[in-house]
Amino acid sequence: GCWDKIEVNELRIVTGIAIELTSAGDYRVIMQTINPTAMSGSANGGGNPIFTKYYQNHAAEGESLFDAFGKLSKETTTQRFFAHTWVIIISEEFARERGVAEIVDYLVRNRQFRLDTWLLIGRGDLISLLDVPDAVQSVPSERIKDIVDKLENTDVVAPLKVGRFAELMASDSRQAYTAGIES
């Protein structure tokens, strides 16, 4: 049966996540989601030509990563769906001050996140990084994913996915690494 079905219009599809520190030292999580109204063409009452973004950025702050994600879930009545998350960006400042172990542990242990999501280190303003679409990709996190997909097999950058990064972190003989992105 269909007793536990969830309709697509009841989901908030998350395509990108950025994690950074606030000036007070708290966690800020920025979550990019698909804007279903804009995608369906029914924005502004029947498809008026006024441009509506195909994505929405939501941000919340908390004393812990769990707390910040919890506040994000209270922001909307729709259930968050992480299976289509393409990129997770950790700010360089966060990585230098606190390391990435806590974040990677949270991602690996949480069954909602996929281990084949790109993990990147971000320099600069992460909210602006997640707010720059281009002519081909109207969702910025998808644009970032496409860039990283193309560069994956080059000698220029060395991006890793969450699962591979976690494996390297657990290794006694190798160091974990991943590519960076700048706004």
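Quick note: structure is the one above.
Residues numbered from 1 in each chain as written. Predicted model: local features only at pLDDT ≥ 70, side-chain atom pairs only at ≥ 80, totals over all residues. Heavy atoms only, no water.

K.L.:
What exactly am I supposed to notice about the overall build of the chain here?
P.N.:
If you tally the helices and strands in the chain, you get 8 helices and 8 strands. Principal-axis analysis of the C-alpha atoms places the extent of the chain at approximately 60 × 40 × 35 Å. Put simply, the chain has 183 residues, and 39% of those count as buried. Sequence-distant contacts in the chain: of pairs separated by 6 or more residues, those separated by 24 or more amount to 67%. Accessible surface, the chain: about 10,400 Å² in total, of which carbon and sulfur atoms supply 50%. Once the 19 positive and 26 negative side-chain charges of the chain are each reduced to a mean point, those two points are 3 Å apart. (Helix = DSSP H or I, 4+ residues; strand = E, 2+ residues; numbered from the N terminus. Buried < 20%, exposed > 50% of the residue type's maximum accessible area, 1.4 Å probe, protein only. Contact = heavy atoms within 4.5 Å. Areas by Shrake-Rupley, 256 points an atom, 1.4 Å probe, with all protein chains shown as cover. Lys, Arg positive; Asp, Glu negative; His and termini not counted. Charge placed at Lys NZ, Arg CZ, Asp CG, Glu CD.)

K.L.:
What is the right way to look at the side chain of Q32 in this model?
P.N.:
For Q32, the location among the structural elements is in strand 2 (residues 27–34). Within the structure, Q32 has its side chain in polar contact with the backbone oxygen of L130 (distance 2.5 Å). Residues in contact with Q32, not counting those within four places in the same chain, are I13, V14, T15, G16, Y55, Q56, N57, L130, V139, P140 and S141. (Polar contact = N/O pair within 3.5 Å; in protein donor to acceptor, adjacent residues only side chain to side chain.)

K.L.:
Is there a simple way to explain the packing of helix 3 (residues 65–74) against helix 5 (residues 101–109) in this structure?
P.N.:
Between two packed helices, the angle of one axis relative to the other and the distance separating the axes together describe the packing. With their axes 11 Å apart at the nearest point, helix 3 and helix 5 run at an angle of 55° to one another. Comparing their axes, helix 5 and helix 3 come out oblique. Across the interface between the two elements, L65, F66 and F69 from helix 3 touch E102, I103 and Y106 from helix 5. Looking at the contact of helix 3 with helix 5 residue by residue, the class counts come to 5 nonpolar, no polar and 1 charged. (Axes fitted to C-alpha atoms, helices over the stretch in contact; angles between N-to-C directions. Parallel < 35°, antiparallel > 145°, perpendicular 65-115°, else oblique. Nonpolar A, V, L, I, M, F, W, Y, C, P; charged D, E, K, R; others polar.)

K.L.:
Looking at this structure, I do not really get helix 7 (residues 140–151). What am I missing?
P.N.:
For an α-helix, the turn length of 3.6 residues means that residues three or four places apart are oriented alike. Given a rise of 1.5 Å per residue, 12 residues ought to cover 16 Å, and the 17 Å separating the end C-alpha atoms of helix 7 matches this to within 8%. Among all positions of helix 7, only P140, S141, R143, I144, K145, D146 and V148 are buried. (Expected span 1.5 Å × (residues − 1).)

K.L.:
Mind showing me how you'd approach the nonpolar core here?
P.N.:
Soluble globular proteins tend to pack their nonpolar side chains together in the buried interior. Ranked by internal contacts, the top residues of the largest apolar core, which has 27 residues, are I17, I19, V29, L65, F69, I88 and F113. Counting residues per element, the ones that place at least two in this core are strand 1 (11–21), strand 2, helix 3, strand 5 (87–91), helix 5 and helix 8 (162–170). Those residues in contact with F69, other than ones at most four positions away along the chain, are I17, V29, R80, F82, Y106 and F113. Residues I30, I89, W118 and V148 belong to the second largest nonpolar core, which totals 13 residues. (Core = buried A, V, L, I, M, F, W, Y, C linked by side-chain atoms within 4.5 Å.)

K.L.:
Before we go on, may I ask you to explain the pairing of strand 2 in this structure?
P.N.:
Within a regular beta strand, the side chains point alternately toward one face of the sheet and then the other, so they alternate between its two faces. Within strand 2, 7 of the 8 residues are buried, which leaves the element mostly enclosed by the surrounding structure. Bridge count for strand 1 against strand 2 is 7 bridges, and the pairing is antiparallel. Residue L21 lies in a different strand from strand 2, and its bridge partner there is Y27. With antiparallel pairing between neighbouring strands as the criterion, strand 1 and strand 2 make up a hairpin whose turn holds 5 residues, including G25 at a positive phi of roughly 90°. (Pairing = 2+ DSSP bridges.)

K.L.:
For this particular structure, what's the right way to read the pairing of strand 5?
P.N.:
Counted residue by residue, strand 5 has 5 buried out of 5 residues, so it is predominantly covered. Burial along strand 5 is two-sided: the residues V87, I89 and S91 and I88 and I90 are all buried. Sheet topology note: the strand 1/strand 5 ladder contains 4 bridges and is parallel. Paired with G16 across the strands is V87, a residue of strand 5.

K.L.:
How should I be thinking about the packing of aromatic side chains in this particular structure?
P.N.:
Between two aromatic rings, the relevant description is the distance of the centres plus the angle of the planes. Scanning all chains against the criterion turns up 6 aromatic pairs. A centroid spacing of 5.8 Å and a plane angle of 70° characterise the contact between F69 and F113, whose relative ring orientation is edge-to-face. In this pair, F69 sits in helix 3 while F113 sits in the loop between helix 5 and strand 6 (118–123), placing the two residues 44 residues apart along the sequence. Measuring from ring centre to ring centre gives 4.5 Å for F82 and F113, while their planes differ by 45°; the resulting arrangement is tilted. Placement of F82 in the loop between strand 4 (79–81) and strand 5 and of F113 in the loop between helix 5 and strand 6 is noted, with a sequence separation of 31 residues between them. For the pair F82 and F113, one class covers both residues: buried. Members of the aromatic cluster, connected to one another through ring pairs, are F69, F82, Y106 and F113. The aromatic ring of Y27 is capped on one face by R98, whose charged end is 5.0 Å from the ring centroid. Against the face of W118 rests K161, its NZ or CZ located 4.8 Å from the ring centre. (Phe/Tyr/Trp six-rings, centres within 6.5 Å; stacked < 30°, edge-to-face > 60°. Lys NZ or Arg CZ within 6 Å of the ring centre and 35° of its normal.)

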